[in-house]
Amino acid sequence: MNRRYCLTLDLKNDPQLIEEYEGYHKSVRPEILQSFTDAGILSMELYRWESRLCMIIEVDQSFSFERKSELDANNPIVQEWENLMSTYQQQLPGSMENGKWQLMKKIFET
C-alpha cells in the first residue's frame, strides 16, 4: 500500500528569490526527477503560500527517509541541486540544526 507524507519548509522572504525558486521548479533536471523514482517516490507536489512551502509525496513500500538521504548523499547532481536550493530556503523556527524539510503531523483525514 502506498503512503503519503506532508513536509514543510520556509523560503527566504524575498519576492525576487521566491520567483527564482519557482523558476527552477518549472524545469527540474531529469536526474533529479529520477532520484525521486529511485527512492520510491511515486509523485511529489509543492505548494506555496507567501514564503511557506508544503510538499506532499506519495511513496511505495521501498521508500524510507533514511534511504532517500543515503541515495541523495551519494548523488553529486542531487547534492548540486540541494546546495542551489539552500540559497533560497531557510530553516523553520524550532527545527533541528541543519534541518530543512520538516515532516508534518497528520491531524485529520476523511
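Residues numbered from 1 in each chain as written. Predicted model: local features only at pLDDT ≥ 70, side-chain atom pairs only at ≥ 80, totals over all residues. Heavy atoms only, no water.

Visitor: Can you break down the packing of aromatic side chains residue by residue, with the values?
Guide: Under the definition given, this model contains six aromatic pairs. An angle of 65° between the planes, with centres 5.0 Å apart, marks the rings of Y5 and F65 as edge-to-face. A residue pair is termed long-range when its members are at least 10 positions apart, and Y5 in strand 1 (residues 3–11) and F65 in helix 3 (residues 65–73) qualify at 60 residues. Ring geometry for F63 against F65: centres 5.0 Å apart, planes inclined by 80°, an arrangement best described as edge-to-face. Given the relative accessible area of 5%, F63 is considered buried. You can call F65 partly exposed: its relative accessible area is 29%. Connected via pairs of aromatic rings, a cluster forms that spans Y21, Y24, W81 and Y88. (Phe/Tyr/Trp six-rings, centres within 6.5 Å; stacked < 30°, edge-to-face > 60°. Helix = DSSP H or I, 4+ residues; strand = E, 2+ residues; numbered from the N terminus. Buried < 20%, exposed > 50% of the residue type's maximum accessible area, 1.4 Å probe, protein only.)

Visitor: Tell me what's going on with the nonpolar core, and back it up with residues and numbers.
Guide: In terms of nonpolar packing, the biggest core is built from 17 residues, with L11, Y21, I41 and I57 touching the most fellow members. Broken down by secondary-structure element, the contributors of at least two residues to this core are strand 1, helix 1 (15–24), helix 2 (30–39), strand 3 (52–59) and helix 4 (76–86). The element best represented in this core is strand 3, accounting for four residues. Once residues within four sequence positions are removed from consideration, L11 is found in contact with I18, Y21, R48, S51, L53, Y88, Q89 and Q90. (Core = buried A, V, L, I, M, F, W, Y, C linked by side-chain atoms within 4.5 Å. Contact = heavy atoms within 4.5 Å.)

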